[in-house]
Amino acid sequence: MSIDSLRRSARATVSGLPQGFWWLWLSTLVNRTGAFVLTFLSLYLTVELGHSAWFAGLVVALHGLGGVAGSPLGGVLTDRWGRRPTMVTMHLAAASCAAALAFVTSAWGVALVVLLMGVAMQAVRPSINATISDMVPAHDVRRAFALNYWALNLGFAVASIAGGAAAFLGYRTLFLVDAVATTLCAVIVFLRLPETRPERSPRKAGEKPADERVSMLDVLRDAPFRTLVLLNLLVCVVFTAPWIGLPLTMSEQGLPPSAYGMVIAVNGIVIVGFQLLVNKVTERRSPVVLLSVSALLFAVGTGATALAGSSVAFAATVIVWTIGEMVHVPTNAAATARLAPEHARGRYQGVMGMSWAVAGFVAPILAGAIVDGPGSDVLWAGTFTLGVLAAVGYTLRLRRALCEEEPQTVAAEAVAAETVAAETVAAGPSAAVVSPEPAKPSPASGS
């Protein structure tokens, strides 16, 4: 592939999306570029405050626990209150928590702040995902999620490098910079991003509005979506396990901590360098096939960790499951958007986000216990098994739910395009400026 073809491919990957999406993309990049708290929290607790490694692990787990509550909370607020108010409020809450960490020094004070920060950071994600689903045409949703995920990892890579270089300024300074970056993210959303929540349809007297007719219990009763959430939970457990099990396994092999740092850096390098290419390769592919393949990549990549014995071999396993990550994350988010009714997108994204939070809380504890007990080989055999089960589940349980809607969508777009074309011909040349794209529900206005 020539440089010109790569350039054209990259241009096609980023073209055609609405301006509002790019403001949201920029806010994600700014937010993650200043994301220093989680990156340096364990070092701050052990080196700066003198707490034990056990306590540091507990505090990090509390952040995940906060996300378990924050994700459904954010989903409900997104549908009832609006996308933009939820984003602004939760970004400002997270910024306040980051600033508080610069001044709170008591053990349980830090634990409480981190717990609340987990609630706020996870609560904002349903509103972001719902906004993307609202403003981006259905055929571009997966690409938009992939680009937003690319911004997240690009910002995180910058934060890791800049934070390491600026650590001499002190951890508290980094936390304050995190607070400023998150506040700037909220300002971008408030000033530049319109509210996209679909307007409520007229209702009869005494009838509840549509968004109030869908409860979290109703979301969980949606069988295809419930299956998607449970399978995603399996994948998330597999994805989270290496972040705890990999350094322990490498240590067992006699490799120094610096080797782990270089190996895990491959994850961010591959995502930043190749996410756009992966987007191009996977566009227009069946979501069921992509989810199944990504689960198998997670299974093979993590399972092969048991066979690795050098830094190069461990890095190769990271590359395999990182490709699975690049395929899975945007495809899963787009599948959630497809299954969700437009008036309940926040709730659906909130429940899906809760599966990520549960895995973030449970998987580190399980991984540590397995490595300390049966051993690391059992851990990687377990992740391989879970990944294969997830791949089989996607193929057998979700093929109809995710694939049968595609022809309907294409047919609907074709009919809409033909209708607009016919109206244009009937109206004469003056109507030639009408867009041939099918009309989308009008978003609520926002300043």
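Along each chain, residues carry numbers from 1 onward, in the same order as the chain's sequence is written. In view of the model being predicted, local features appear only for residues whose pLDDT reaches at least 70, and side-chain atom pairs are presented and counted only at 80 or more, with totals across whole chains, interfaces and linings using the full set of residues. Think of the side-chain values as coming from all heavy atoms in the structure, minus any hydrogens and water.

A. The overall build of the protein, seen in detail. Looking only at helices and strands, one finds 18 helices and 0 strands in the protein. Exposure categories follow from relative accessible area, calculated using a 1.4 Å probe and restricted to protein chains: below 20% of the type maximum is buried, above 50% is exposed, and the middle band is partly exposed. Here the protein, with 447 residues, has 48% of them falling under the buried criterion. The criterion used for residue contact is that any of the two residues' heavy atoms lie within 4.5 Å. A separation threshold of at least 6 residues defines the contact pool for the protein, and within that pool the share at least 24 residues apart is 85%. Method for areas: the Shrake-Rupley scheme with a 1.4 Å probe, in which residue coverage is limited to the protein chains shown. Carbon and sulfur atoms provide 68% of the accessible area of the protein, an area that totals close to 20,300 Å². Under the scheme used here, helices are H or I runs from DSSP no shorter than 4 residues and strands are E runs no shorter than 2 residues, and both carry numbers assigned from the N terminus.

B. The pattern of salt bridges, seen in detail. Any carboxyl oxygen of Asp or Glu within 4 Å of a side-chain nitrogen of Lys or Arg constitutes a salt bridge here. The tally for this structure, following the rule as stated, stands at 8 salt bridges. Arg-347 is the partner of Asp-79 in a salt bridge, and the nearest nitrogen-oxygen pair spans 3.2 Å. Here Asp-79 is found in helix H4 (residues 53-80), whereas its partner Arg-347 is found in helix H15 (residues 345-372), with 268 residues between them in sequence. For Asp-79, a relative accessible area of 2% corresponds to the buried category. Using a relative accessible area of 2% as the deciding quantity, one classes Arg-347 as buried. Here Arg-143 makes a salt bridge to Asp-140, at a shortest N to O gap of 3.1 Å. Classification of Arg-143 by relative accessible area gives buried; the value is 13%. A residue is classified by how much of its surface remains accessible, and Asp-140, at 8% relative accessible area, is buried. By sharing partners, the salt bridges in this structure join Asp-79, Arg-83, Asp-134, Arg-345 and Arg-347 into a single network.

C. Highlighting the packing of H15 against helix H16 (residues 376-397). All axes here are fitted lines through C-alpha atoms, helices being fitted over the stretch that makes contact, and every angle between N-to-C directions spans 0 to 180 degrees. Taken N-terminus to C-terminus, the directions of H15 and H16 make an angle of 135°; their axes are 7 Å apart at the nearest point. Between H15 and H16, the angle is such that the two are oblique. The residues of H16 that touch H15, namely those facing Ala-367, Ile-370 and Val-371, are Ser-376, Val-378 and Leu-379. Three classes are used: nonpolar for Ala, Val, Leu, Ile, Met, Phe, Trp, Tyr, Cys and Pro, charged for Asp, Glu, Lys and Arg, and polar for all others, with Gly counted as polar. When grouped by side-chain class, the residues that make up the contact of H15 with H16 number 5 nonpolar, 1 polar and no charged. Just so you know how the angles are binned, under 35 degrees is roughly parallel, over 145 roughly antiparallel, 65 to 115 roughly perpendicular, and the rest oblique.

D. Spotlight on unusual backbone geometry. In this model, Arg-284 sits at a positive phi of 70°, which is unusual for a non-glycine residue. Checked against the element boundaries, Arg-284 lands in the loop between helix H12 (257-282) and helix H13 (287-303).

E. Main features of the confidence of the model for the protein. Model confidence for the protein is summarised by a mean pLDDT of 84, while 84% of its residues fall at 70 or above. The pLDDT value tells you how sure the predictor is about a given residue, anywhere from 0 up to 100. When mean pLDDT is taken per element in the protein, H13 scores highest with 97 and helix H18 (residues 405-427) scores lowest with 41. In this model residues 405-447 is a low-confidence stretch, pLDDT under 50, and it forms 37 contacts with partners more than four residues away in sequence or in other chains.

F. Broad picture of a nonpolar patch on the surface. On the surface, Leu-184, Val-187, Phe-190 and Leu-191 cluster together to form a nonpolar patch covering roughly 380 Å² of accessible area. Assignment of secondary structure puts Leu-184 in helix H8 (residues 171-192). Patch membership needs two things, relative accessible area over 30% and no salt bridge, and members are linked within 9 Å if like-charged or within 5 Å if nonpolar (Val, Leu, Ile, Met, Phe, Trp, Tyr).

G. Representation of the side chain of Gln-275. Position of Gln-275 among the secondary structure elements: in helix H12. Counting of polar contacts relies on pairs of N or O atoms within 3.5 Å, with two restrictions inside protein: one atom must be capable of donating a hydrogen and the other of accepting it, and residues adjacent in sequence are counted only when both atoms are side-chain atoms. Reaching out from Gln-275, the side chain makes a polar contact with the backbone oxygen of Met-326 at a distance of 3.4 Å.

H. Molecular detail of the packing of aromatic side chains. Centres within 6.5 Å make a pair out of two Phe, Tyr or Trp rings, where for Trp the six-membered ring is used; the pair is then stacked when the planes are under 30 degrees apart, edge-to-face when over 60, and tilted otherwise. A complete count under the given rule lists 13 aromatic pairs for this structure. Each ring, one from Phe-55 and one from Trp-108, has its centre 5.6 Å from the other, and the planes form 85°; the classification is edge-to-face. Here the residue Phe-55 occupies a position in helix H4, and Trp-108 occupies one in helix H6 (residues 107-135), the gap between them amounting to 53 residues. Under the relative-accessibility criterion, Phe-55 is labelled buried at 6%. With centroids separated by 5.8 Å and ring planes inclined at 70°, the aromatic side chains of Phe-239 and Phe-298 adopt a geometry described as edge-to-face. Linking Phe-239 in helix H11 (residues 223-252) with Phe-298 in helix H13, this pair joins segments that are 59 residues apart in sequence. Here the aromatic residues Phe-239, Trp-243, Phe-298, Trp-321 and Trp-356 are joined through ring pairs into a cluster of three or more.

I. The packing of H4 against helix H5 (residues 83-101), seen in detail. Relative to each other, H4 and H5 sit at 140°, their axes nearing to 7 Å. Considered as vectors, H4 and H5 are oriented oblique to each other. Two secondary-structure elements touch here, H4 through Gly-74, Leu-77, Thr-78 and Asp-79 and H5 through Arg-83, Thr-86 and Met-90. Split into classes, the residues belonging to the contact of H4 with H5 amount to 2 nonpolar, 3 polar and 2 charged.

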